[in-house]
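Examination of the molecular architecture
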Amino acid sequence: MQFDHDLLSYLEEFLSEERKQRFMQVLANRTRFITVAIEDVYQLHNTSAVIRSCDAFGVQNVHVVEDRFGKRLDKNIAMGAEQWIDVSRYQTTGDCIRSLKDDGYQIIATTPHNSSNLLANFKIRTKTALFFGTEKEGLSDEVLKKADGFLKIPMVGFSESLNISVSAAIIIQELCDDLRKSKLPWQLSDMEILEKKLDWTKKSINNVEGIIGRYFQ
């Protein structure tokens, strides 16, 4: 499908120059080389907080498994981040893993309960999907069995684990920072940038459907 450059140019007339520049600044730091998968998180605010962290640190795609607890996104906590992030939803963990592996991602399970790589020692060399699990039980056996590697945050206190949203924020920030310093092809392609510019522009305009309708007339 051919991209409609004229439509984007037309819609951008409804944005301020500051808004358009902000889009380009954010897109310059966006990546799909790292993605995040959230498995059956019970607390609404935790899923939403992870999505907010992905937006803050530049991860464009989030994958949410909603097998046991249904939709886990609280828009009040995400504070609008969900409109800037691409969220894919799955009914089963198996479907999520299969989709990510088909897209060329290695599966990295974040868990403190095995001989995981410490965060400081973990190096990304290929497309990576970071899996985060439920608050009490952690990741399912299915993820642990199918994972290509394991990762944990070193801790020196009495607590064995962190809240999922805290853990995700620490790991995402660290790995995205490392990724941007690398020579890996982590940035969005030119076409991906155009597609997100169009998507975000549409979401920034009131009554955009009516405006698009007038454009095509």
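Fair warning: this is a prediction, and the values are worked out from it, not measured in the lab.

Attention shifts here to the pattern of salt bridges. Under the definition given, this model contains 13 salt bridges. Residues Asp86 and Lys196 are paired through a salt bridge, measuring 2.8 Å at the closest nitrogen-oxygen approach. Separated by 110 residues along the polypeptide, Asp86 in strand E3 (residues 86-90) and Lys196 in helix H8 (residues 190-203) bring together distant segments of the chain. Both residues of the pair, Asp86 and Lys196, count as buried. A salt bridge links Lys181 to Asp177, with the nearest nitrogen and oxygen atoms 3.1 Å apart. Of this pair, Lys181 and Asp177 both sit in helix H7 (residues 164-181), 4 residues apart, which is roughly one turn of the helix. Judged by relative accessible area, which is 65%, Lys181 ranks as exposed. Note on Asp177: relative accessible area 31%, which makes it partly exposed. Three or more residues joined by partner-sharing salt bridges are found here, namely Arg32, Asp86, Glu192, Lys196, Asp199 and Lys203.

Attention shifts here to the packing of helix H1 (residues 5-12) against helix H9 (residues 208-216). Orientation of H1 relative to H9, taken along the N-to-C sense of each, is 125°, at an axis distance of 11 Å. Comparing the axis directions of H1 and H9 gives the class oblique. For H1 against H9, the interelement crossing comes out right-handed. Contact residues: H1 offers Asp6, Leu7, Tyr10 and Leu11, while H9 offers Val208, Ile211, Ile212, Tyr215 and Phe216. Tallied by class, the residues present in the contact of H1 with H9 amount to 8 nonpolar, no polar and 1 charged.

Relative to the helices and strands, Val65 resides in strand E2 (residues 61-65). Judged by its relative accessible area of 1%, Val65 falls in the buried class. For the pair Val65 and Thr92, spaced 27 residues apart in sequence, the C-alpha to C-alpha distance is 6.0 Å. In this view, Val65 contacts Ile38, Glu39, Asp40, Tyr90, Thr92, Thr93 and Cys96; residues no more than four positions away in its chain are not counted.

Before going further, it helps to examine the sheet that holds E3. Here we have 7 strands laid out as an open sheet, ordered E3-E2-E1-E6-E4-E7-E5, and parallel in their pairing. Looking at which strands have only one partner, the edges of the open sheet turn out to be E3 and strand E5 (117-118). Relative to strand E6 (residues 128-132), strand E4 (residues 106-110) runs parallel, the two being bridged by 4 bridges. Within E6, the residue paired with Ile108 across the bridge is Leu130. Where H7 meets the sheet, it contacts strand E1 (34-39), E4, E6 and strand E7 (149-152), and its direction lies at approximately 165° from that of E6.

The rules we used
Residues numbered from 1 in each chain as written. Predicted model: local features only at pLDDT ≥ 70, side-chain atom pairs only at ≥ 80, totals over all residues. Heavy atoms only, no water. Salt bridge = Lys/Arg side-chain N within 4 Å of Asp/Glu carboxyl O. Helix = DSSP H or I, 4+ residues; strand = E, 2+ residues; numbered from the N terminus. Buried < 20%, exposed > 50% of the residue type's maximum accessible area, 1.4 Å probe, protein only. Axes fitted to C-alpha atoms, helices over the stretch in contact; angles between N-to-C directions. Parallel < 35°, antiparallel > 145°, perpendicular 65-115°, else oblique. Left-handed = near helix turned anticlockwise from the far one by under 90°. Contact = heavy atoms within 4.5 Å. Nonpolar A, V, L, I, M, F, W, Y, C, P; charged D, E, K, R; others polar. Pairing = 2+ DSSP bridges.

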